[in-house]
Amino acid sequence: MSSSSLKPLATRERLSEVRYEIRGELARRARELEAQGRKLIKLNIGNPGNFGFRAPPHLQHAIADDMNRTDPYTHQQGLPVAREALAGAYARRGYPDAEPERVFVGNGVSELIDLSLRALLNPGDEVLIPSPDYPLWSAATILNDGRPVYYSCDPENGFLPDPSKIETLVSPRTRAIVLINPNNPSGASYPRELLERIVAIAAKHDLLLMVDEIYDQILYDGAVFQPVAPLAGEHPCISFSGLSKVHRACGWRVGWALLSGDGARVGELRAAMDLLSALRLCANVPGQYAIEAAVNGPDTISPLCAPGGRLYETRRAVIEACAASEHLSLVAPAGALYAFPAVTGAAARNFDDHDFALELMQDEGVLVVPGSSFNVPYRNHFRVTLLPEAAVMREVFVRIDRALARRAEANTKVVPIKPRSAVA
């Protein structure tokens, strides 16, 4: 029998509901163009190493110094010395239940998000997720047989959610509320009062709080990070973070999670997460030797986020470019590594973010992520990372503005109306 007559292997049906455009179709097209010799400025991934950043030397030395100890498996929840260091760091910041037994180390936060949702959800259970979201949260919910339900974080409100609207979405199937703070892609940083109201909703409806805090120390212009777990106290909460962003070590794939809350209430969830951790044996061991150095070592991120620092100056370049443009508006990011501009005015007429991203890459050599990739109902936003040098970002926005000017001109061009011919 020829292979052409055989049925293709079927894949999981729910994969059709999953999107991850950050590394999707546009990224594949970018690789094709690069193979043809095109030079692109790729702003689709918050990957510090691709923009010249390195993990701090004291983290590199920590791994190198202990490399001869990294061959065996370690405990499924993570290297004991690493979990002890994390528990101590969380305790110093006021997190409750900061004990090594409550800490899980994974192959990046991504793995721990998937693992914790797998431990929590039964088929048909719902998870409240912000819109815009980091799309891994939606994908992990779907692939663990749950249903994402989106609460809006509107640009008109600085991308902050409305707690009263969140509560209207709670149903008998709701199991958790997800918070991404500071937010990816918008850069919003949530104030304490807002978080207290969301914690109260979770307590009222017995919902697990799942808080993605991977950008917790990347803040600008005096923005303050407020952790959720100290506000939640005895209420169940999982706080996620890792080495990827604050410590510029994405490729090491080291993330961690702290499960806080009353022991009797979280006991089954902790056991389920431990079981799932054991089934994947353990996380990458060499990278875990950097954790103690990371949480107890010097602060290397704040100087980058202060005036004169590289991230701050690139962010400034984006803010100034958007302010000067006829075609863009921006809610200035208070934290994280991204900006999420909106296309406005004549250029926004009949605008499709995916089509624009493709056009921008092919005509101007710039790769951005369409805003709709972050599960928003509108299609006039796009995301860029703040990792390039400021001069590069200024050039990027010259190209973006040029592409938008062409669209605006085409949208405002008046087509002359031919006069009717006289009737004989």
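The structure this text deals with has already been given above.
Quick look at the structure, then. (Residues numbered from 1 in each chain as written. Predicted model: local features only at pLDDT ≥ 70, side-chain atom pairs only at ≥ 80, totals over all residues. Heavy atoms only, no water.)

The next thing to look at is the pairing of strand β5 (residues 174-180). Most of β5 is tucked away, with six of its seven residues classed as buried. In this structure, strand β3 (residues 126-131) lies alongside β5, joined through three bridges in parallel fashion. Bridge pairing in β5 places Val127 opposite Ala176. Examined bridge by bridge, β5 and strand β6 (residues 208-212) share five bridges and lie parallel to one another. What sits directly across from Leu179, in β6, is Val211. (Buried < 20%, exposed > 50% of the residue type's maximum accessible area, 1.4 Å probe, protein only. Helix = DSSP H or I, 4+ residues; strand = E, 2+ residues; numbered from the N terminus. Pairing = 2+ DSSP bridges.)

Turning our eyes to something else, we now look at the nonpolar core. Membership of the largest hydrophobic core comes to 73 residues, with the highest contact counts inside it found for Trp137, Met210, Leu311 and Phe397. Top element by residues in this core is helix α15 (residues 390-412). It accounts for seven residues. Beyond its immediate sequence surroundings of up to four residues, Met210 is in contact with Ser116, Leu117, Leu120, Trp137, Ala176, Ile177, Val178, Leu179, Ile238 and Phe240. Grouped together as the second largest cluster of nonpolar side chains are 57 residues, Val105, Leu128, Tyr190 and Phe225 included. (Core = buried A, V, L, I, M, F, W, Y, C linked by side-chain atoms within 4.5 Å. Contact = heavy atoms within 4.5 Å.)

A few words now on the sheet that holds strand β7 (residues 237-242). Spatial ordering of the open sheet is given by β2-β8-β7-β6-β5-β3-β4, a layout of seven strands whose pairing is mixed. The outermost strands of the open sheet, each flanked by one partner alone, are β2 (103-106) and β4 (147-152). With strand direction ignored, the average angle separating the axes of adjacent strands in the sheet is 25°. As judged from the four bridges shared by β6 and β7, these two strands associate in the parallel manner. Along β7, the bridge assignment pairs Leu209 with Cys237. Sitting on the sheet, helix α7 (residues 192-205) touches β5 and β6, and the angle it makes with β5 is about 165°. (Axes fitted to C-alpha atoms, helices over the stretch in contact; angles between N-to-C directions.)

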